[in-house]
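Here is what each chain is made of, one letter per residue.
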Amino acid sequence: MEELIRLALELGFTGVAPMDVSKLRALPEVREMCASDRCRRYGHSWSCPPACGTIEETAERMRACTAGVLVQTTAQLEDEFDIESMTRAQEEHKARFLRLARQARLLYPDCLPLTAGSCTICRSCTYPDRPCRFPGKMMSSMEAYGLLVSEVCKDAGIPYYYGPGTLTYSACILIRG
Ligand code: SF4
């Protein structure tokens with residue numbers, strides 16, 4: 001874990017914390033939010049429900065994990081309409097997490113990275129017509145696995161919300177075995 005935490009800090013994540021993976025819960029309510037398709041990714045990506053597995057399957061995969069690191073990128077916004085800062089923070093967070101996941105997969109080939117939002121490695125996902133182009137790089141979101149991000153942050157001892165004028169993106173790497 002220390003190596004991953006060091007890497008995460010070097011990559012510029014603003015929040016980094018070890019996780020107690022025994023507390024992770026795959027909640028059907030979170031999957032129901034996915035199914036409401038507010039993000040328009042439900043049924044459009046191999047990384048999202050229903051393709052990423054049932055709630056029982058995602059819970060089973062997480063149960064096989066023994067450790068984890070939670071990482072965050074917090075943006076300071078000028079106001080609630082500061083779309084530019086929101087977009088920049090999201091892009092930075094995704095790029096950082098892609099690099100962290102690549103390093104983590106070298107250290108722990110069987111690890112489970114869970115990102116913020118749907119997989120965006122390809123401009124257009126092949127789902128459902130052809131197999132995933134990069135199954136070894138593809139990442140599901142924490143929500144796709146049924147995780148309530150605010151609860152995961154609380155259990156890891158770091159805030160989910162950093163106060164007015166901020167927006168935070170979270171992601172995690174779970175280590176199996
Ligand atoms: S790697 Fe490409 S094909 Fe696979 S889930 Fe991500 S976007 Fe879709």
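From a predicted model like this one, the values you see are computed outputs, not experimental measurements.

## Points about the sheet that holds strand β3 (residues 112–115)
In a beta sheet, neighbouring strands pair by backbone hydrogen bonds and run either parallel or antiparallel. Across the sheet, five strands lie side by side as β1-β2-β5-β3-β4; this open sheet has mixed pairing. Among the strands making up the open sheet, the edge pair consists of β1 (15–19) and β4 (140–141). Sheet topology note: the strand β2 (residues 65–76)/strand β5 (residues 166–176) ladder contains eleven bridges and is antiparallel. Bridge pairing in β5 links T73 to Y169. Here helix α4 (residues 83–107) sits on the sheet and contacts β2, β3 and β5; the angle it forms with β5, its principal contact strand, is near 15°.

## Quick word on helix α2 (residues 28–35)
Note: α-helices contain 3.6 residues per turn, so residues at a spacing of three or four share the same orientation. Among the residues making up α2, those that are buried are V30, R31 and C34. End-on, the buried residues of α2 take up no more than an arc of 100°, which puts them together on one face. Elements in contact with the buried residues of α2: α3 (55–63). Looking one or two residues beyond α2, the residue adopting positive phi is D37, at roughly 60°.

## Focus on a nonpolar patch on the surface
Residues L98, I121 and F134 make up a contiguous nonpolar surface patch of about 210 Å² in total accessible area. You can see L98 is positioned in helix α4. For L98, a relative accessible area of 33% puts it in the partly exposed group.

## Topic: the state of the cysteines
Scanning the entire structure with this criterion turns up zero disulfides. In this structure C65 is a free cysteine whose sulfur lies 8.8 Å from that of C172, the closest cysteine sulfur available. A relative accessible area of 6% means that C65 is categorised as buried.

## Considerations on the site of the ligand
Near the ligand, the surroundings consist of W46, C119, I121, C122, C125, T126, C132, R133, F134 and M138. Of the residues that constitute the shell around the ligand, the class distribution is eight nonpolar, one polar and one charged.

## What to know about the pairing of β2
Extensive coverage of β2 is indicated by the burial of ten of its twelve residues. Relative to β2, β1 runs antiparallel, the two being bridged by five bridges. Counterpart to M19 in the pairing with β2 is G68.

Rules and cut-offs
Residues numbered from 1 in each chain as written. Predicted model: local features only at pLDDT ≥ 70, side-chain atom pairs only at ≥ 80, totals over all residues. Heavy atoms only, no water. Pairing = 2+ DSSP bridges. Helix = DSSP H or I, 4+ residues; strand = E, 2+ residues; numbered from the N terminus. Contact = heavy atoms within 4.5 Å. Axes fitted to C-alpha atoms, helices over the stretch in contact; angles between N-to-C directions. Buried < 20%, exposed > 50% of the residue type's maximum accessible area, 1.4 Å probe, protein only. Arc of directions from axis to C-beta. Patch = residues over 30% accessible without salt bridge, like charges linked within 9 Å, V, L, I, M, F, W, Y side chains within 5 Å. Areas by Shrake-Rupley, 256 points an atom, 1.4 Å probe, with all protein chains shown as cover. Salt bridge = Lys/Arg side-chain N within 4 Å of Asp/Glu carboxyl O. Disulfide = S-S within 2.5 Å. Near = heavy atom within 4 Å. Nonpolar A, V, L, I, M, F, W, Y, C, P; charged D, E, K, R; others polar.

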